[in-house]
Amino acid sequence: MPAKSKLFLTALKGEPVVRPPFWLMRQAGRYLPEYRAVRATTRDFVSFCLDPEKACAVTLQPIERFGMDAAILFADILLVPHGLGQGVRFVEGEGPRLDPVTDLEGLKPLSFERFHERVGAVYETVRLLSRQLPGDVTLIGFAGAPWTVATYMVAGEGTSDQKPAKLWAYRDPVGFGQLIDLVTTATIDYLAAQIEAGAEVIQIFDTWAGSLADDELQRWVFAPIARIRTELKQRYPNVPVIGFAKGIGPMLAEFAPATGVEAVGLDPTVPLAFARDAVQPAAVVQGNLDPLLLVAGGAAMAARVETILSTLGPGRFVFNLGHGVVPETPPEHVAALSAQIRNWRA
């Protein structure tokens, strides 16, 4: 089906749509019994992400069940360090564990030499999806932003305050900058390969952007994302990029102008009036239902969905959560959300 018939792509161009398109971050995941059934057949999470048939299957599951307007590739942001040769594994019930990179010496073993070989299964997943998705559904490729990926690479795990990466950046900004440059270059190649395989939109996740002060935010978040966007734009001028910089507050108004992204993700703390008045004039906005309201469901969810739609829906807007679907989410609440959005008109 021609791209012009895809509601999500139309909205990302800022063109009028009959209703806001929607998709949900982490929409393929543990809240779905069919996902858990596929996950049970894999020995570990990295292997799961690098199994094209299974990754394709779980990417399609929420589309088949709820009819989202976009499907996001099932993968993980830590496949970039895996591709660079850093040890990455997932501990059940605890999360990711990496062999920490804490200084310039630790950067030496990392290499592009086998990068595409190590992550090539991701591109095959994209190719499968581009053939199997319904014609009106857009395929989103993605990567973690360099700052967020670097926080995991330095700490060896997720951290609440990103202290290890911040301390390296404060004490040795030149050395830390080499790590950011390495991840940025790898991310550009990784996303370009996804686009070549069939991804129509790219989303960049900067989950830990909100841990940085404004000057550090400019250096470690805005500048690397701007470089990614610029290089992708040169190669693929018609592929839009969504940037999700979680927790940056009023700096969100500067995000699209500073980076060039076509759309800006909103976390649940972003006031809707601020998004409408300070962010939406410069970019499409995407968000921002609290994932726990999706767990709660009922009148509380419906009321907030209506408020989001009525505030942002008349402008350039894509409905989404403010962060990812959580495992305890009842699938019937996702179905109710889907119905409410589909029936809404400005």
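Residues numbered from 1 in each chain as written. Predicted model: local features only at pLDDT ≥ 70, side-chain atom pairs only at ≥ 80, totals over all residues. Heavy atoms only, no water.

If you look the protein up in an unreviewed UniProt entry, it shows as Uroporphyrinogen decarboxylase from Oleomonas cavernae. The protein has a UniProt comment under Sequence similarities (unreviewed entry) that states "Belongs to the uroporphyrinogen decarboxylase family." Listed in UniProt under the heading Pathway (unreviewed entry), the comment for the protein reads: "Porphyrin-containing compound metabolism; protoporphyrin-IX biosynthesis; coproporphyrinogen-III from 5-aminolevulinate: step 4/4." (UniProt positions renumbered as here; feature names shortened; annotations may be inferred.)

Q: Please explain the sheet that holds strand E5 (residues 201-206) as it appears in this structure.
A: Sheet strands pair via backbone hydrogen bonds, and the direction of the pair is either parallel or antiparallel. In spatial order, the strands read E1-E4-E5-E6-E7-E8-E9; together these 7 strands make up an open sheet with parallel pairing. Edge positions in the sheet fall to strand E1 (70-72) and strand E9 (317-321), since each of these pairs with one other strand and no more. Strand-to-strand twist in this sheet, taken as the mean axis angle between neighbours without regard to direction, amounts to 25°. Packed onto the sheet, helix H15 (residues 298-312) meets strand E8 (284-289) and E9 and runs at close to 165° relative to E8. (Pairing = 2+ DSSP bridges. Helix = DSSP H or I, 4+ residues; strand = E, 2+ residues; numbered from the N terminus. Axes fitted to C-alpha atoms, helices over the stretch in contact; angles between N-to-C directions. Contact = heavy atoms within 4.5 Å.)

Q: Which parts of the structure should I look at to understand the environment of aspartate 181?
A: Residue placement: aspartate 181 occurs in helix H10 (residues 173-197). Aspartate 181 gets classed as partly exposed once you look at its relative accessible area, which sits at 43%. Put simply, aspartate 181 and proline 224 are 43 residues apart on the chain and 7.7 Å apart in space, counted from C-alpha to C-alpha. (Buried < 20%, exposed > 50% of the residue type's maximum accessible area, 1.4 Å probe, protein only.)

Q: Just to check I follow, could you spell out the UniProt feature "binding site: substrate" (unreviewed entry) in the protein for this structure?
A: According to UniProt, the positions carrying the feature "binding site: substrate" (unreviewed entry) are Arg26, Gln27, Ala28, Gly29, Arg30, Asp76, Tyr152, Thr207 and His323. Across 298 residues, the annotated set is spatially dispersed, with a maximum C-alpha separation of 22.8 Å. Positionally, arginine 30 belongs in the loop between helix H1 (7-12) and helix H2 (33-39). A relative accessible area of 54% places arginine 30 in the exposed class. Every residue in contact with arginine 30, bar those within four places of it in the chain, is listed here: Tyr35, Arg36 and Pro327.

Q: What exactly am I supposed to notice about the pairing of E8 here?
A: Judged by how many residues are buried, E8 sits mostly within the fold: 6 of 6 residues are covered. Sheet topology places strand E7 (residues 263-265) next to E8; 3 bridges connect them, and they run parallel. Among the inter-strand pairings, valine 264 is bridged to a residue of E8, identified as valine 285. A crossover connection joins E7 to the parallel E8 through helix H13 (residues 272-279); in handedness this β-α-β unit is right-handed. Pairing of E8 with E9, which is carried by 5 bridges, proceeds in the parallel orientation. Bridge pairing links valine 285 to phenylalanine 317 in E9. (Right-handed = clockwise from strand over helix to strand, strands pointing away.)

Q: Got a minute to help me understand the state of the cysteines in this structure?
A: By definition, a disulfide links the sulfur atoms of two cysteine residues through a covalent bond. For the structure on display, the rule yields 0 disulfides. Cysteine cysteine 49 shares no disulfide, and the gap to the nearest cysteine sulfur, in cysteine 56, comes to 14 Å. (Disulfide = S-S within 2.5 Å.)

Q: Looking at this structure, I do not really get the packing of H10 against helix H11 (residues 214-235). What am I missing?
A: Helix-helix packing is described using two parameters, namely the angle between the two axes and the distance between the axes. Where H10 meets H11, the closest approach of the two axes is 10 Å, and the angle between their N-to-C directions is 30°. As for the relative orientation of H10 and H11, their crossing is right-handed in sense. Of the residues contributing to the contact of H10 with H11, the split by class is 11 nonpolar, 4 polar and 6 charged. (Left-handed = near helix turned anticlockwise from the far one by under 90°. Nonpolar A, V, L, I, M, F, W, Y, C, P; charged D, E, K, R; others polar.)

Q: Before we go on, may I ask you to explain the UniProt feature "site: Transition state stabilizer" (unreviewed entry) in the protein in this structure?
A: UniProt marks Asp76 with the feature "site: Transition state stabilizer" (unreviewed entry), using the numbering shown here. Secondary-structure assignment places aspartate 76 in the loop between E1 and helix H5 (79-84). Other than its neighbours up to four places away in sequence, aspartate 76 contacts Phe45, Cys49, Phe90 and Phe142. Side-chain polar atoms of aspartate 76 contact the backbone nitrogen of leucine 78, separated by 2.9 Å. (Polar contact = N/O pair within 3.5 Å; in protein donor to acceptor, adjacent residues only side chain to side chain.)

Q: Quick question: what am I supposed to make of the pattern of salt bridges here?
A: Side-chain pairs of opposite charge can arise where the charged atoms are in close proximity. One pass over the full model with this rule turns up 17 salt bridges. Among the ionic pairs, arginine 43 bridges to aspartate 44, the shortest N-O distance being 3.3 Å. Owing to a relative accessible area of 75%, arginine 43 belongs among the exposed residues under this scheme. On the accessibility criterion, aspartate 44 (26% relative accessible area) is partly exposed. Here the salt bridges do not stand alone but share partners, grouping Asp189, Arg227, Glu231 and Arg235 into one network. (Salt bridge = Lys/Arg side-chain N within 4 Å of Asp/Glu carboxyl O.)

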